Amino acid sequence: MSKYGMVIDLARCNGCNACVIACKVEHNTANGINFTKVLEREVGTYPNAGRQFLPVMCNHCDDAPCIDVCPTKATYARDEDGIVLVDWDKCIGCGACLLSCPYDQRFQVFD
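So, a few notes on the structure that sits alongside this text. (Residues numbered from 1 in each chain as written. Predicted model: local features only at pLDDT ≥ 70, side-chain atom pairs only at ≥ 80, totals over all residues. Heavy atoms only, no water.)

**Here's the deal with the layout of surface pockets**
To be explicit about the condition: Throughout, the protein atoms alone are placed on a 1 Å grid, and a set of points is a cavity if a 1.4 Å probe fits but cannot get out or a pocket if it is open with protein on both sides within 12 Å along at least five of seven lines; lining residues have an atom within 4 Å of a point. Grid points are joined across faces, edges and corners, and a volume is the space filled by probe spheres set on the points. By definition, any uninterrupted DSSP run of H or I lasting at least four residues is a helix, any uninterrupted run of E lasting at least two residues is a strand, and each is numbered from the N terminus. Amino acid classes used here: Ala, Val, Leu, Ile, Met, Phe, Trp, Tyr, Cys and Pro are nonpolar; Asp, Glu, Lys and Arg are charged; the rest, including Gly, are polar.
Of the pockets and cavities examined, the largest pocket occupies roughly 1400 Å³. Every residue lining the largest pocket is counted, 49 residues in all, and those nearest its centre are His27, Phe35, Cys58, His60 and Val84. Going through the elements one at a time, α1 (18-27), β2 (50-57), β4 (84-86) and α3 (96-100) are the ones with two or more residues in the lining of the largest pocket. Here the lining of the largest pocket takes four residues from α1, the largest share from any one element. In terms of residue class, the lining of the largest pocket is built from 30 nonpolar, 14 polar and five charged.

Structure follows, in structure tokens:
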């Protein structure tokens, strides 16, 4: 099985959120739903204060807890590469995946 990885140079991240927008466009998510977010924090003290940025996204866990807790098996890992996906036709919106994700990257869609 092939595995994918993503490398982000945090020293070059300026918090522009271009990765958030690119992910949103690629996955065509609804308003208010982002698969990616950028965490921010202040570091240092005046006059040497600054900001650090950390892009956070689904990590497609090898042993994804969101898969284990899904009562309808709507959340699953693709066999060929382990990417975690959701079959929205099977999802009942119970929110078990939201509570189980250690990265707080799951969301609920309401029609």
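The structure having been displayed, the exposition proceeds.
**Points about the nonpolar core**
Where we set the bar: We define the nonpolar core as a collection of buried residues of types Ala, Val, Leu, Ile, Met, Phe, Trp, Tyr and Cys that are connected through side-chain atoms lying within 4.5 Å of one another. Exposure is judged per residue with a 1.4 Å probe applied to protein chains only, and the accessible area is read against the type maximum: over 50% gives exposed, under 20% gives buried, and values in between give partly exposed. Contacts are residue-level and defined by heavy atoms, with any inter-residue pair within 4.5 Å sufficient.
Counting residues in each nonpolar core, the largest one holds five residues, listed as Ala64, Cys66, Ile67, Val84 and Cys97. Setting aside residues up to four positions removed in sequence, Val84 forms contacts with His60, Cys61, Ala64, Cys66, Ile67, Thr75, Tyr76 and Ala77.

**Topic: the side chain of Ser100**
What counts is decided by this rule: Each polar contact in these results corresponds to two N or O atoms within 3.5 Å; when the atoms are within protein, one needs to be able to donate a hydrogen and the other to accept it, and residues that are neighboring in sequence are counted only if both atoms are side-chain atoms.
Examined against the element boundaries, Ser100 turns out to sit in helix α3. Ser100 sits in the buried class, given a relative accessible area of 18%. Among the polar contacts listed, one links the side chain of Ser100 to the backbone nitrogen of Cys66, at a separation of 3.5 Å. A polar atom in the side chain of Ser100 sits 3.1 Å from the backbone oxygen of Cys97. Leave out the neighbours within four places in its chain, and Ser100 touches Pro65, Cys66 and Val69.

**Topic: the side chain of Thr36**
By secondary structure assignment, the location of Thr36 is in strand β1 (residues 36-43). We classify Thr36 as buried; its relative accessible area is 5%. Those residues within four positions of Thr36 in sequence are excluded, and the remaining contacts are Cys19, Val20, Cys23, Val56, Met57 and Gln105.

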